[in-house]
Amino acid sequence: MTLQPASGALVDQIVARLEQAILTGELAQGQKLSEQALSDRFGVSRGPLREAIRTLEGRQLLERTPFSGVRVVQLSLDDLEQLLSTREALEGMASRQAAENMTLHETRQLRACLAAYEDSFRREGVGGVFRVRSVGDDLHMLIVRGSRNRWLIDIVCNELYPLLQICRFQSTTVTLRTPQRIEAVRREHEAIIVAIERRDADAAEAAMRAHLVASRTILMAQLRGEPPATAAAGA
């Protein structure tokens with residue numbers, strides 16, 4: 001095993017690799033971590049590995065249980081619904097503040113993001129817009145950062161999104177990945193951007209909430225095994 005100093009850069013690299021393994025399901029929800037196995041896998045000593053684990057515990061992607069060790073977080077359907085409802089409230093507020101605070105350059109970045117979303121769909125199909133850290137997420141994060149609210153930015157981008165990414169990558173079903181839903185999402189994103197461009201804070205918040213309610217309704221219906229017609233009603 002390679003021994004390396006616990007530099008900040010090294011810890012960040014391990015955090016990124018661990019996070020990717022969690023988000024893609026390579027490390028499954030509820031899976032217990034073996035420090036020895038991870039140390040051997042990444043070719044690092046246990047010092048920086050433990051620092052990386054502590055970082056991901058802080059982001060709630062990992063959880064430590066007395067006498068049991070560290071496991072990947074395991075989210076129930078109720079957990080997921082609460083996270084999605086929280087996201088709706090926080091991103092609604094972020095969109096309102098983004099409409100008040102975003103610069104012209106930043107709104108042009110939103111347009112570029114939407115164009116990239118459409119291009120991914122044309123070139124790669126449905127899968128192109130449902131990757132981890134997808135262009136759709138980039139658009140949402142640009143809006144959150146454009147709010148200029150550091151508390152919202154920290155909570156949404158650093159705490160909420162990683163947890164939601166686990167559920168998206170490991171639980172999203174085929175019904176959510178239809179061309180019809182992709183087109184609906186494009187229209188919803190367009191409405192949000194137009195409201196922000198017009199500095200219409202009320203419309204920006206309403207458009208973001210409507211978008212996230214539709215996505216939550218479809219996802220939760222699908223995960224609960226409700227009939228497709230019921231899920232489609234939220235599109």
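Rules of the game
- Residues numbered from 1 in each chain as written.
- Predicted model: local features only at pLDDT ≥ 70, side-chain atom pairs only at ≥ 80, totals over all residues.
- Heavy atoms only, no water.
- Helix = DSSP H or I, 4+ residues; strand = E, 2+ residues; numbered from the N terminus.
- Buried < 20%, exposed > 50% of the residue type's maximum accessible area, 1.4 Å probe, protein only.
- Contact = heavy atoms within 4.5 Å.
- Areas by Shrake-Rupley, 256 points an atom, 1.4 Å probe, with all protein chains shown as cover.
- Salt bridge = Lys/Arg side-chain N within 4 Å of Asp/Glu carboxyl O.
- Expected span 1.5 Å × (residues − 1).
- Arc of directions from axis to C-beta.
- Pairing = 2+ DSSP bridges.
- Core = buried A, V, L, I, M, F, W, Y, C linked by side-chain atoms within 4.5 Å.
- Axes fitted to C-alpha atoms, helices over the stretch in contact; angles between N-to-C directions.
- Parallel < 35°, antiparallel > 145°, perpendicular 65-115°, else oblique.
- Left-handed = near helix turned anticlockwise from the far one by under 90°.
- Nonpolar A, V, L, I, M, F, W, Y, C, P; charged D, E, K, R; others polar.
- pLDDT = per-residue confidence, 0-100.

Notes on the overall build of the protein
At step 1: Looking only at helices and strands, the protein features 10 helices and two strands.
At step 2: In the protein, the succession of helices and strands from N to C terminus is α-α-α-β-β-α-α-α-α-α-α-α.
At step 3: For the protein, buried positions account for 45% of its 235 residues.
At step 4: Restricting to contacts in the protein with at least 6 residues of sequence separation, those with at least 24 account for 75%.
At step 5: Accessible surface, the protein: about 11400 Å² in total, of which carbon and sulfur atoms supply 52%.

Focus: the pattern of salt bridges
At step 1: One pass over the structure, following the stated rule, counts 20 salt bridges.
At step 2: With a shortest N-O distance of 3.1 Å, arginine 186 and glutamate 183 are connected by a salt bridge. Residue arginine 186 and its partner glutamate 183 are both found in helix H8 (residues 179–197); the two are separated by three residues, about one turn of the helix.
At step 3: One connected set of salt bridges, linked through shared partners, spans Glu88, Arg96, Asp202, Glu205, Arg209 and Arg216.

Some details on unusual backbone geometry
At step 1: A positive phi angle, close to 70°, is found at glutamine 60, a residue other than glycine.
At step 2: Inspection of the secondary structure puts glutamine 60 in the loop between helix H3 (46–58) and strand S1 (62–65).

Side note on the side chain of arginine 216
At step 1: Looking at the secondary structure, you find arginine 216 in helix H9 (residues 201–223).
At step 2: Other than its neighbours up to four places away in sequence, arginine 216 contacts Glu81, Leu84, Ser85 and Glu88.

What about helix H5 (residues 104–124)?
At step 1: An ideal rise of 1.5 Å per residue puts 30 Å on 21 residues; H5 measures up with 30 Å between its terminal C-alpha atoms.
At step 2: Those residues of H5 not exposed but buried are Glu106, Thr107, Leu110, Cys113, Leu114, Tyr117 and Ser120. Along H5, the residues classed as buried sweep out an arc of 125° about the axis, all on the same side. Turned more than 90 degrees away from the buried face of H5, the exposed residues are Leu104, His105, Arg108, Arg122 and Arg123.

Section: the pairing of S1
Within a regular strand, side chains alternate between the sheet's two faces.
At step 1: One ladder, built from four bridges, connects S1 with strand S2 (residues 69–72); its direction is antiparallel. In the sheet register, threonine 65 faces S2, and the bridge partner there is glycine 69.
At step 2: Taking the residues that link successive antiparallel strands as the turn, the S1-S2 hairpin has three residues, and the phi of phenylalanine 67 there is positive, at about 65°.

A word on the nonpolar core
At step 1: Residues Ile14, Leu18, Ile22, Leu49 and Leu62 are the most contacted members of the largest nonpolar core, which totals 41 residues.
At step 2: Put simply, the parts of the chain that give this core at least two residues each are helix H1 (8–23), helix H2 (35–42), H3, S2, helix H4 (77–101), helix H6 (135–146), helix H7 (150–171) and H9.
At step 3: No other element matches H7, which puts nine residues into this core.

Digging into the packing of H8 against H9
At step 1: The interhelical angle for the contact between H8 and H9, taken along N-to-C directions, is 160°, at an axis separation of 7 Å. Looking at the two axes, H8 sits roughly antiparallel to H9. Handedness of the crossing formed by H8 with H9: left-handed. Contacts from Arg181, Val185, Glu188, His189, Ala191, Ile192, Ala195 and Ile196 of H8 reach H9 at Ala203, Ala204, Ala207, Met208, His211, Ala214, Ser215 and Ile218.
At step 2: Among the residues forming the contact of H8 with H9, the class breakdown is 11 nonpolar, three polar and two charged.

A closer look at the confidence of the model for the protein
At step 1: Taken residue by residue, the protein gives an average pLDDT of 84. The fraction at 70 or more is 84%.
At step 2: Of all helices and strands in the protein, the one with the weakest mean pLDDT is helix H10 (residues 228–232) (48), whereas H4 scores best (95).
At step 3: Scored below 50 in pLDDT, residues 1–5 shows 14 contacts in the model against residues more than four places distant or in partner chains.

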